[in-house]
Number of protein chains: 2
Amino acid sequence: MLPPGPRLAVDAIIERPGRGVLLIERRNPPPGWALPGGFVERGESCEDAVRREVREETGLELEQLTQFRVYSEPARDPRGHVVSVVFAAIASGEPHGGDDARAARFFPWEALPPLAFDHGKILHEYRQRQG
Amino acid sequence: MLPPGPRLAVDAIIERPGRGVLLIERRNPPPGWALPGGFVERGESCEDAVRREVREETGLELEQLTQFRVYSEPARDPRGHVVSVVFAAIASGEPHGGDDARAARFFPWEALPPLAFDHGKILHEYRQRQG
C-alpha cells in the first residue's frame, strides 16, 4: 500500500484592473482573509476544482485560467500538509460570498488585509513575477 | 472529515545537450519507460520529493530545478487519480537505474520509446513550450 501523502488544494489569484485582487473572508478555521480555493476531489482535475471552488465561494465563473505555481512547504497550512496549485485567472461580474466564504471582495494591492496560510507570500511572489 | 482527494506525485524532465531526455524503465506496473518520479510523502515538499525520487531511480542529484506544469486529468494514471507536479531540471553525471527503475538512460528527442501514463503528452507540451 502507498504511504499517505499530502492533501491537494487549489487557489485562485483573480485580478481586476483598478480593483486589485479578489479575496474571501473564511468561515472555517483558520479565520481571516484568503485567496478563494479549496480541496481537490478525487476524479476532478485541478482546473475543474478551482472553477468549482471559486463559483461556490464568490459566485464568479473563471475565464483565462493559467497555472501560476505550486506551493508545498509542509508547514504552510496549520491544518496539516496541504499542497496548493495556484492559478491566475480573470473573472467578470460582481463577487458575493457563499459556501465557506462569509464575504468576497476586491482589495487594492496597496491595502491587502492580513492573509491566512502563505497567501501573503504567494501574492508577493505573483506581483514580483508580473513586475 | 475531508473527502479523499487524488494522490500527489512528482516527475522530472532532465535534458542534456546532445543526449536528449532522461527516462527510466519501470520495475512496477504499468511497465515501460517513463520520466523519473514518484509519490510525494506527507511532510515533504514537491521539490524535496523530486530530488529524492530522481536520486533513488537514477543516482543523479538535481540542479536548477524549476516547475514546469501540473497534470491532473483523472484518467492519466491507470492506478487511480494521481496528480503530478512536473519539474524541469539539470543534472550532471552518468545515470544508473536503481530502486523502482530497472534502467535509466538518455533518449534522443527524435527516438523516444513508447511512454507510460501521459508522459508522451507531457514531453510534447514541454518541447512546444521550449520552441
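Residues numbered from 1 in each chain as written. Chains lettered and ligands numbered in written order. Predicted model: local features only at pLDDT ≥ 70, side-chain atom pairs only at ≥ 80, totals over all residues. Heavy atoms only, no water.

This part is about the confidence of the model for chain A. The share of residues in chain A with pLDDT of 70 or more is 97%, and the mean pLDDT across the chain is 94. Quick note on the complex model: pTM equals 0.95, ipTM equals 0.93. (pLDDT = per-residue confidence, 0-100.)

Let us look at the packing of aromatic side chains. Residue and element names in this part refer to chain B. Using the criterion set out here, one finds six aromatic pairs over all chains in the structure. Ring geometry for F68 against Y126: centres 5.3 Å apart, planes inclined by 85°, an arrangement best described as edge-to-face. Here the residue F68 occupies a position in strand β5 (residues 62-71), and Y126 occupies one in helix α2 (residues 119-130), the gap between them amounting to 58 residues. The pair F68 / Y126 is uniform in exposure class, with both members buried. Ring centres 6.3 Å apart and planes at 20° place the aromatic pair W109 and Y126 in the stacked group. With W109 in the loop between β7 (101-107) and α2 and Y126 in helix α2, this residue pair connects regions lying 17 residues apart in the sequence. (Phe/Tyr/Trp six-rings, centres within 6.5 Å; stacked < 30°, edge-to-face > 60°. Helix = DSSP H or I, 4+ residues; strand = E, 2+ residues; numbered from the N terminus. Buried < 20%, exposed > 50% of the residue type's maximum accessible area, 1.4 Å probe, protein only.)

Evaluated as defined, the whole model comprises zero disulfides over all chains. This cysteine, C46(A), is not joined by any disulfide, and C46(B) carries the nearest cysteine sulfur, 11 Å off. For C46(B), a relative accessible area of 1% corresponds to the buried category. (Disulfide = S-S within 2.5 Å.)

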